[in-house]
Structure formats: C-alpha cells, structure tokens
Protein chains: 2
Amino acid sequence: MEKYYTIGDVAARTGISAHTLRYYDKEGLLSFVKRSESGTRLFTKEDFEPLYTITVLKRSGMPIRKIREFMSLYLQGNDTIHERYVMFNEQRESLLEQIGELEDMLKIVDYKCWYFQEAEKRGDINYYKKLPEQEVDQRIIEFNKIVDDFREGVAKED
Amino acid sequence: MEKYYTIGDVAARTGISAHTLRYYDKEGLLSFVKRSESGTRLFTKEDFEPLYTITVLKRSGMPIRKIREFMSLYLQGNDTIHERYVMFNEQRESLLEQIGELEDMLKIVDYKCWYFQEAEKRGDINYYKKLPEQEVDQRIIEFNKIVDDFREGVAKED
DNA sequence: TCTTGACTTCGAGTATACTCTAACATCTAT
DNA sequence: ATAGATGTTAGAGTATACTCGAAGTCAAGA
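The sections below set out a description of the structure shown in this document.

Turning next to the protein's contact with DNA strand D. Inspection of the region around DNA strand D gives 18 residues, with A:T6, A:G8, A:R22, A:R41 and B:Y24 positioned closest. Counting only the atoms of DNA strand D within 4 Å of the protein, the fraction contributed by sugar and phosphate is 71%. Between A:R22 and DNA strand D, the recorded distance is 2.8 Å, taken from a side-chain N or O atom to a phosphate oxygen. B:R65 is positioned such that a nitrogen or oxygen atom in its side chain is 2.9 Å from a phosphate oxygen of DNA strand D. At the level of elements, α1 (7-14) and α2 (18-26) of chain A together with α2 (18-26) and α4 (64-75) of chain B are the ones that each hand at least two residues to the surface near DNA strand D. A per-element tally of the surface near DNA strand D places α2(B) first, with four residues.

Shown next, in the form of structure tokens:
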C-alpha cells in the first residue's frame with residue numbers, strides 16, 4: 001500500500017499554495033497526479049520529482065505553456081528523452097542570457113551607486129559639468145558615451 | 001533655440017514604442033518632458049539620460065511604481081541625491097539576489113542536461129535505479145537529496 | 001487649400017500568473 | 001452521527017505591463 005499526499009500536504013511541504021497547485025493542474029502541468037474515486041488528488045513520493053522540476057523551470061523563467069510542453073514529454077516516458085534534453089539545453093542558454101543581462105545592469109547600477117555618492121559629497125547631481133574636462137572621472141565620460149549611444153539609436157544587443 | 005525630439009523620434013532611437021512611452025508618461029515616469037502649446041511632447045537631448053535610467057531600472061526588474069518614485073525624486077533635484085543613492089543601492093542588492101537565484105537554477109539545469117544525455121545513451125530515463133548502488137554517479141545521489149529535501153518541506157532560501 | 005502623417009487622449013483589450021470565492025462533497029475524529 | 005477541516009469545481013477578480021483602436025487635432029508640403 002502506497003502512501004499518498006493530499007494537496008494540502010504538498011502545499012505545506014513545497015511552499016506552493018494549494019490554489020496554485022490546482023491552477024497548475026488546470027493548466028496541464030500535473031497530469032501525472034492520480035485521483036481517488038471521489039476526485040481527490042493523490043500525490044505520491046515519486047510525484048515530488050516532477051513537481052521539483054516544475055519549480056526549477058518556473059524559477060528559471062520558463063512560462064507555464066512551455067512547462068506544459070515539457071510535462072507532456074515527461075508523460076510519454078523514454079521516447080522523449082532527447083526532446084527533453086533539448087528543452088533543458090535551451091533553458092540553459094536562456095539562463096545564461098538572463099544572467100548576462102542582469103550582470104550588464106549590475107555594472108551600470110554599480111556605477112550609479114558610485115556616482116550618487118560622489119554627487120552627494122558635493123551636494124550637486126551635476127557637479128562634473130563644472131569641472132575642467134581633464135578632472136572629470138573616466139567612469140563619468142564612459143557612462144555619458146553610453147547615454148549618447150542610446151540617444152543616437154545605436155543597434156543594441158537585446 | 002533648442003532641438004526637440006518628438007515621441008516618434010524617441011521611439012525610433014531608443015527602441016521603446018511610442019505607445020509604451022505614452023504609457024510611461026501616464027504612469028508618471030516622464031513628468032520631465034516638456035509640451036508644446038498644442039500638447040505635443042517635446043523631448044530634449046538631456047531627457048535621454050533619465051530615459052536611459054528608466055530602461056536600466058526596468059531591465060533590472062524594478063516595477064513601474066518604484067521607477068515612478070525614483071523619477072519623483074529626480075524631479076526634486078539636489079535635495080534627493082541621498083534617497084536616490086539608497087534606491088540604487090537596494091536595486092544593486094536585488095540584482096545580486098536575482099543573479100544568485102538564476103545561478104542556482106543554472107546548476108540544476110546543467111545537471112539535468114548531463115543527466116538526460118546519460119539517460120539518452122542508455123535509452124532509459126531511470127537507468128540508475130537498476131544500477132548497483134556504488135555505480136550510481138555522485139551527481140545523481142546529490143540531486144535526489146535535493147528532491148528529498150523538497151519533499152520533506154525543508155526551509156528554503158527563497 | 002487640402003491631404004498626409006504624426007501627434008493627442010481615453011478607454012478597452014491582451015497576456016501572464018496567480019488568487020480568491022462560492023457552492024458543494026467528503027473525510028476524520030470525537 | 002455530526003462537526004469541522006479539507007477536498008472539489010467553475011468562474012470571477014487582481015496585478016502588472018503593455019498594446020491597440022477610435023476619434024480627433026495640428027503642422028508642413030503639393
């Protein structure tokens with residue numbers, strides 16, 4: 001006899017609310033979950049692995065409809081190993097892109113933190129404009145170049 | 001006499017659609033933009049810097065309402081340098097967290113890519129279950145531990 | 001002058017992912 | 001046996017960020 005987990009059990013253990021789990025089911029992500037005669041969802045020990053995979057794909061930024069595709073392949077078993085590999089590989093690329101984008105933003109935000117500290121010391125957000133050109137910090141000149149490129153409509157790597 | 005850019009010019013240069021620019025204006029992000037007598041928005045060269053800042057904050061994951069707060073401080077000039085510094089510093093923290101989260105997901109997705117390749121070679125998604133325990137790769141054992149923790153409802157660092 | 005294209009506002013529509021409510025069924029412990 | 005907790009469904013509501021359409025205004029060139 002197998003031990004079953006109700007939707008409430010699963011919610012408490014995984015931190016995914018029962019509402020959300022039902023929503024995922026409705027969206028076709030939880031087709032692997034058994035039901036009792038009366039319709040209650042019966043989660044097994046084994047169901048936690050695909051459930052975990054769903055959370056990983058979600059936290060990686062994969063939309064529900066694509067997770068549904070993945071779960072549909074999962075249900076088909078050994079015949080779809082390659083397709084599922086391809087999907088994970090694509091998600092890997094997507095993650096690298098997302099991380100790259102955020103790291104680019106981090107560089108600019110780091111600059112802004114530095115710049116606002118300098119501006120705060122001098123009590124003037126445009127202090128550098130009153131400085132002789134050779135005294136202006138290189139970081140400011142480079143940032144202004146970026147803004148100029150933005151204004152010129154240079155092709156960007158989005 | 002100053003050169004002005006219309007909303008169409010700005011859209012073409014920045015890649016932000018005129019629709020979206022008007023939406024941002026309606027949401028209070030573009031209060032710094034002048035208007036002609038007849039109501040047409042007149043963007044100046046200087047307006048591209050706050051516009052660029054808006055895109056950076058957006059791409060960093062900041063919601064519109066918080067960008068509005070920032071732009072409200074921007075309009076108040078030198079008196080709000082410190083508050084703006086604090087906001088950028090918080091955004092820096094947020095970016096580090098987001099990058100950390102994605103890097104955690106990348107580790108798991110990397111593992112999945114490896115695992116699916118192994119499974120594909122053997123034509124069996126559960127090949128390791130038929131192996132003697134000491135022949136099971138350590139990576140698989142570690143991943144299964146993570147899934148077990150997930151099932152046990154261990155406190156997670158979300 | 002008239003046409004054309006770009007501008008304006010307002011408000012409705014779309015997409016995504018929940019989040020909640022209502023009405024009802026079922027399970028469990030006293 | 002009955003109360004109360006927990007389960008079920010369908011469908012409505014929320015939040016966010018656009019995205020589009022309609023109806024009208026305005027400025028410049030043929």
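What follows covers the side chain of B:S60. Mapped onto the elements, B:S60 comes out in the loop between α3 (48-59) and α4. Residue B:S60 is classed as buried on the basis of its relative accessible area, which comes to 0%. Other than its neighbours up to four places away in sequence, B:S60 contacts A:M105, A:V109, B:Q91, B:L95 and B:Q98.

Turning our attention to the interface of chain B and chain A. Taken together, the contacts link 56 residues of chain B with 56 residues of chain A. Summed over both partners, the interface of chain B with chain A comes to about 5,500 Å²; 67% of that surface belongs to carbon and sulfur atoms. At the boundary of chain B with chain A, the tally comes to eight salt bridges. Where B:E49 meets A:K112, a salt bridge forms, and the shortest distance between an N and an O atom there is 3.7 Å. Between the two partners, chain B and chain A, sit 14 residue pairs in polar contact (both at pLDDT 80 or more). Contributions of two or more residues to the side of chain B that touches chain A are made by α1 (7-14), α3, α5 (81-122) and α6 (138-152) of chain B. When residues in the side of chain B that touches chain A are grouped by element, the largest group, 26 residues, is from α5(B). Considering only residue class, the side of chain B that touches chain A consists of 25 nonpolar, 13 polar and 18 charged.

Bringing the protein's contact with DNA strand C into the picture now. Surrounding DNA strand C, one finds 18 residues, the nearest of these being A:Y24, B:T6, B:G8, B:R22 and B:R41. Sugar plus phosphate: this is where 71% of the atoms of DNA strand C within 4 Å of the protein reside. Within the residue set of the surface near DNA strand C, elements represented by two or more residues are α2 and α4 (64-75) of chain A together with α1 and α2 of chain B. No other element matches the four residues that α2(A) contributes to the surface near DNA strand C.

Let us now look at the relation of the copies chain B and chain A. With an RMSD of 0.0 Å, the fit of chain B onto chain A corresponds to turning through 180 degrees and sliding 0.0 Å along the axis. Taken together, the turn and the small shift mark the pair as related by a two-fold rotation axis. The position closest to the rotation axis in chain B is occupied by the C-alpha of B:I99, lying 2.9 Å away. In this assembly the copies share their binding face: 100% of the residues contributing to the interface of chain B also contribute to that of chain A.

Next up on the list: a negative patch on the surface. On the surface, a cluster of negative charge is made up of A:E103, A:D104, B:E103 and B:D104. Among the secondary structure elements, B:E103 is positioned in helix α5. For B:E103, a relative accessible area of 36% translates into the label partly exposed.

The next point concerns the pattern of salt bridges. Considering all chains together, one arrives at 31 salt bridges over all chains under this definition. Between A:K130 and A:D124 there is a salt bridge, and its shortest N-O distance comes to 2.7 Å. Within the structure, one salt-bridge network assembled from shared partners comprises A:R13, B:D148, B:R151 and B:E152.

All names here are of chain B. For the pair α4 and α5, interaxial distance at closest approach is 10 Å and the crossing angle is 150 degrees. When the interaxial angle is binned, α4 and α5 end up roughly antiparallel. For the crossing formed where α4 meets α5, the hand is left-handed. In this structure, α4 contributes K66, E69, F70, L73 and Y74 to the contact, and α5 contributes E83, R84, M87, F88 and E90.

This brings us to the packing of aromatic side chains. The final tally for this structure, using the stated rule, is 32 aromatic pairs over all chains. Between A:F116 and B:F70, the ring centres sit 6.5 Å apart and the planes meet at 80 degrees, which makes this aromatic pair edge-to-face. Here A:F116 is found in helix α5 (residues 81-122), whereas its partner B:F70 is found in helix α4 on a different chain. Given the relative accessible area of 3%, B:F70 is considered buried. Centroid distance B:Y5 to B:F48: 5.0 Å. Interplanar angle 80 degrees. Geometry classified as edge-to-face. Taken together, the positions of B:Y5 in the segment before α1 and B:F48 in helix α3 put the pair 43 residues apart, joining distant regions of the chain. Judged by its relative accessible area of 5%, B:Y5 is buried.

About the thresholds
- Residues numbered from 1 in each chain as written.
- Chains lettered and ligands numbered in written order.
- Predicted model: local features only at pLDDT ≥ 70, side-chain atom pairs only at ≥ 80, totals over all residues.
- Heavy atoms only, no water.
- Near = heavy atom within 4 Å.
- Polar contact = N/O pair within 3.5 Å; in protein donor to acceptor, adjacent residues only side chain to side chain.
- Helix = DSSP H or I, 4+ residues; strand = E, 2+ residues; numbered from the N terminus.
- Buried < 20%, exposed > 50% of the residue type's maximum accessible area, 1.4 Å probe, protein only.
- Contact = heavy atoms within 4.5 Å.
- Buried area = accessible area lost by both parts, 1.4 Å probe.
- Salt bridge = Lys/Arg side-chain N within 4 Å of Asp/Glu carboxyl O.
- Nonpolar A, V, L, I, M, F, W, Y, C, P; charged D, E, K, R; others polar.
- Least-squares fit on C-alpha atoms with pLDDT ≥ 70 in both.
- Patch = residues over 30% accessible without salt bridge, like charges linked within 9 Å, V, L, I, M, F, W, Y side chains within 5 Å.
- Areas by Shrake-Rupley, 256 points an atom, 1.4 Å probe, with all protein chains shown as cover.
- Lys, Arg positive; Asp, Glu negative; His and termini not counted.
- Charge placed at Lys NZ, Arg CZ, Asp CG, Glu CD.
- Axes fitted to C-alpha atoms, helices over the stretch in contact; angles between N-to-C directions.
- Parallel < 35°, antiparallel > 145°, perpendicular 65-115°, else oblique.
- Left-handed = near helix turned anticlockwise from the far one by under 90°.
- Phe/Tyr/Trp six-rings, centres within 6.5 Å; stacked < 30°, edge-to-face > 60°.

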